[in-house]
Amino acid sequence: MHPDIWRAFQRLRTLRSEAPPLVPREHVEDPPASLQQERLWYLDQASPGGSAYHLPVAFRLSGPLDWRALRLSLEALEHRHESLRTTFESSRGKVVQRVRPPGAFVLPTISLRDEAQRPEQQEARLREALHREAWRPFDLQRGALFRATLFVLGARESVLLLNFHHIIYDGWSQDVLFRDLSELYTLFHEGGRSRLTELDVRCTDHALWQHKWLQGSARAELQAYWREHLKERLQGPRLASRARAGNVATQGPRELGRLPITFSPELSNAIVRFTREAGVTVYMVLLAAFHVLLHRHSGGQEQHFVCSPIANRPQVETERLIGYFVNLLVLPADLRGDPSFQQLLEQVRGVVAGALAHQDLPVQLLEGVDLGGEPLSQALFAFENTPRYPLQLTQLDITPVELEGGTCDFDLFLALHEEQGVISGTLKFSRQRFDADEAGRLLRDFEALLGQAVSAPGQALSAFLPDVVVPRAPPSPRPVTPEPARAPSVGPLVTSTEVLAAMGTARPEQRRALMRDYLRSTIIRVALRGQTPDVPFQSLQELALDSLRLIELTGRIRTELSIDMPVSHFFEATSVEGLADELLTRWLRTQVSEARAAPTGVRRELLTL
């Protein structure tokens, strides 16, 4: 193991050794969502009903299906993992989890049998039914966030669709799901009872632990690291496209496209041999090659960043849980000076080692990091080399069913996996940004440059893919809007403590002015990092906030004022004044409800409405 990697794991172990123990808790009223779940909840609030965070999987089951055993297995699975019974809502400005008690599991069963129709007609009906159910919206507040549907095609042929919202499920969870479901089905099919060992902790225990740990010195140390290593203004890759020039980032729902990729055994073996010689991991080599691909297809853009999801299950107790634990690591690359692939790889090794050692900080807690308005989801890269557990149901032949359609919140996501010495995976892409030919070209170029990199790592990056450098796309211009009327200049920034202290005795018009001052001050302090704009802004839309600042800003306001307001309202308001008035109205309602709930005999000051 290279010293950089060894030191990274030692540092990670030291940081985690200072954390409080993860222990099961007795019943906790309104347990908080984890910080990762909180981020997805805010994104869903900003754009409710989208399908970008659906994680459906489907399987064709051939053979004598035991419907009763399947239903009981799904019921036992839901009882075992409280995340599958969880919904989310806002309570006094904070996102909390609601775990419903275990109950009977309903398995909708839809018959697609029709003796008169041809097989291709039945398959067309099946694809339509799968598409409709896979992308049917989830409601994070009402649930359920785990759904199962069985489509019956014949006496010995069915298709099982399992669907999860990402807020309760991640990639690691799939292996846990398949292992538990396989064992439960066998037991119920044979007439036995579940012999699965009890889980040591629950997802709510982990969320409570996380909120406790990421306070004080641990949080400050992690933030200091990321602030130092991401101190330069970050830029997302600006890939050119023949059909759609402009920034990779695209607003609104994006249609999801998929293309598979499988490296030849020769290339896979060459990559593994090269990692041993270079003292790096396969992940680092593939990530460095991905950086080069983005560099060459952006006309030689010299600095950019990609994000990489990491499992982030710090305790062994969390490894058996179905839940959402994933963190995003922000990984910058500096390709100035035309370095060789070997030099870039050394840079990547240092960046990845440092990121792994400080992986426990959720991205929305990054402070002092300038994304320059760039979304985190422009380009994503992931690699796994752990064996996958297949779904196995007694006496059934199981074949995965490819699902079509869906939307995404990224523009490129290259997800690779190594198993039995062969590297394969999928390139997922936004169809609003790339067509299938362009995505296919990216995959072919990725394979070509990997072959060149492992055989001649000393070559400068300019020697890679010399005939495929696409002219660099300029940043997408912001929409041109008439210059707004100049608002009054902002005075000294006020805090929530000052505003709330003055609210009690202020007259109605004074309260309106106080709330407007607070809102503008908070926007400047949080979203604009203390930089007052030359031209005062009239609404949040003008600021084009990235997702981190969106979450930080709306979360700060909701928490400081202890109010519940959909995040979408922040951006639907046509003016800061109108938004401040709505915040004031909601805040006053909380005061009235608190006054009505005060115990008898306790005197409480009432506000004048």
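How each quantity is defined
Residues numbered from 1 in each chain as written. Predicted model: local features only at pLDDT ≥ 70, side-chain atom pairs only at ≥ 80, totals over all residues. Heavy atoms only, no water. Helix = DSSP H or I, 4+ residues; strand = E, 2+ residues; numbered from the N terminus. Buried < 20%, exposed > 50% of the residue type's maximum accessible area, 1.4 Å probe, protein only. Contact = heavy atoms within 4.5 Å. Areas by Shrake-Rupley, 256 points an atom, 1.4 Å probe, with all protein chains shown as cover. 1 Å grid on protein atoms, 1.4 Å probe; cavity = no way out; pocket = protein on both sides within 12 Å on 5 of 7 lines; lining within 4 Å. Points joined across faces, edges and corners; volume = space filled by probe spheres on them. Nonpolar A, V, L, I, M, F, W, Y, C, P; charged D, E, K, R; others polar. Axes fitted to C-alpha atoms, helices over the stretch in contact; angles between N-to-C directions. Parallel < 35°, antiparallel > 145°, perpendicular 65-115°, else oblique. Left-handed = near helix turned anticlockwise from the far one by under 90°. Core = buried A, V, L, I, M, F, W, Y, C linked by side-chain atoms within 4.5 Å. Domains from an automatic or database assignment. Arc of directions from axis to C-beta. Pairing = 2+ DSSP bridges. pLDDT = per-residue confidence, 0-100. Polar contact = N/O pair within 3.5 Å; in protein donor to acceptor, adjacent residues only side chain to side chain. Phe/Tyr/Trp six-rings, centres within 6.5 Å; stacked < 30°, edge-to-face > 60°. Lys NZ or Arg CZ within 6 Å of the ring centre and 35° of its normal.

Before going further, it helps to spend a moment on the overall build of the protein. A count of helices and strands for the protein gives 16 helices and 14 strands. Each of the 609 residues in the protein was classed as buried or not, and the buried ones make up 52%. Nonlocal contacts in the protein, meaning residues at least 24 apart in sequence, comprise 78% of its contacts between residues at least 6 apart. Only carbon and sulfur atoms are counted for the fraction: they give 51% of the accessible area of the protein, which is about 28000 Å².

Our next topic: empty space enclosed by the protein. A water-sized probe, rolled over the atoms, reveals where empty space remains. Applying the stated rule across the entire model yields five cavities of 30 Å³ or more. Of the volumes computed, that of the largest cavity is approximately 60 Å³. Every residue lining the largest cavity is listed: Gln36, Arg39, Tyr324, Val326, Asn327, Leu328, Val363 and Gln364. What the second largest cavity holds in volume is close to 50 Å³. Ser34, Gln37, Gln97, Cys203, His206, Ala207, Tyr324 and Phe325 together form the lining of the second largest cavity. Broken down by element, the residue count for the lining of the second largest cavity peaks at three residues, all from helix 6 (residues 203-213). When its residues are assigned to classes, the lining of the second largest cavity shows four nonpolar, four polar and no charged.

Bringing the packing of helix 9 (residues 282-296) against helix 11 (residues 436-455) into the picture now. It is at 10 Å that the axes of helix 9 and helix 11 come closest, and there the two elements cross at 120 degrees. Our classification of the angle between helix 9 and helix 11 gives oblique. Relative to helix 11, the crossing made by helix 9 is right-handed. Packed against helix 9, whose contacting residues are Val285, Leu286, Ala289, Phe290, Val292 and Leu293, the element helix 11 presents Leu442, Asp445, Phe446, Leu449 and Leu450 at the interface. Class assignment for the residues of the contact of helix 9 with helix 11 results in 10 nonpolar, no polar and one charged.

Turning next to the nonpolar core. With 92 residues, the main nonpolar core has Ile271, Leu286, Phe341 and Phe446 as its most contacted residues. Considering each element in turn, this core owes the most residues, 12 residues, to helix 9. There are two domains that each give this core at least three residues, and those are domain 1 (3-205) and domain 2 (221-393 + 405-463). Setting aside residues no more than four positions away along its own chain, leucine 286 makes contact with Phe263, Ile271, Phe381, Phe383, Leu416, Phe446 and Leu450. In this structure, Tyr53, Leu84, Leu150 and Leu393 belong to the second largest nonpolar core, which totals 48 residues.

Here we take up helix 12 (residues 496-503). Among the residues of helix 12, those classed as buried are Ser496, Val499 and Met503. One side of helix 12 holds all its buried residues, which, seen down the axis, span an arc of 65 degrees. Opposite the packed face of helix 12, turned more than 90 degrees from it, sit the exposed residues Thr497 and Ala501.

The mixed open sheet is built from five strands, whose spatial order is 4-5-6-1-11. Every other strand in the sheet has two partners, leaving strand 4 (109-111) and strand 11 (397-401) as the edge strands with one partner each. In this sheet, neighbouring strand axes are inclined to one another by 25 degrees on average, regardless of whether the strands run parallel or antiparallel. Across five bridges, strand 1 (residues 54-62) lies against strand 11 in antiparallel orientation. Note on strand 11: the bridge partner recorded for phenylalanine 59 is proline 400. Helix 4 (residues 119-134) rests against strand 1, strand 4, strand 5 (146-154), strand 6 (157-165) and strand 11 of the sheet, and its axis sits at about 175 degrees to strand 5.

A word on the confidence of the model for the protein. On average, the protein scores 85 in pLDDT, and the residues at 70 or more come to 86%. Across the protein, element-level confidence peaks in strand 6 with a mean pLDDT of 98 and bottoms out in helix 15 (residues 567-572) with 70. Within the model, pLDDT remains below 50 along residues 473-490, and this stretch shows 25 contacts once partners closer than five positions in the same chain are excluded. Here residues 595-609 is a poorly scored stretch, pLDDT under 50, and it has 13 contacts once near neighbours within four places are set aside; other chains count.

This paragraph deals with unusual backbone geometry. For the peptide bond that leads from glycine 143 to alanine 144, omega is -10 degrees, which places it in the cis range. Within the secondary structure layout, alanine 144 lies in the loop between helix 4 and strand 5. At aspartate 338, a position not held by glycine, the phi torsion is positive, near 50 degrees. Inspection of the secondary structure assignment puts aspartate 338 in the loop between strand 9 (327-334) and helix 10 (341-357).

Turning our attention to the pairing of strand 2 (residues 86-91). Note: strand 2 against strand 3 (residues 94-99), six bridges, orientation antiparallel. The partner of serine 90 across the bridge, within strand 3, is valine 95. With antiparallel pairing between neighbouring strands as the criterion, strand 2 and strand 3 make up a hairpin whose turn holds two residues, including arginine 92 at a positive phi of roughly 55 degrees.

In this fold, glutamine 36 is placed in helix 2 (residues 35-46). Using a relative accessible area of 4% as the deciding quantity, one classes glutamine 36 as buried. Polar side-chain contacts of glutamine 36 include one of 3.3 Å to the backbone oxygen of phenylalanine 325. For glutamine 36, the residues in contact, after removing those within four places along its chain, are Gln210, Asn312, Tyr324, Phe325, Val326, Asn327, Pro362 and Gln364.

Right, let's get into the packing of aromatic side chains. Applying the stated criterion across every chain, the model contains 12 aromatic pairs. An aromatic cluster is built from Phe105, Phe146, Phe164 and Tyr169, whose rings are joined through pairwise contacts. In this arrangement the basic side chain of arginine 147 is found over the ring face of phenylalanine 138, its NZ or CZ atom lying 3.9 Å from the centre.

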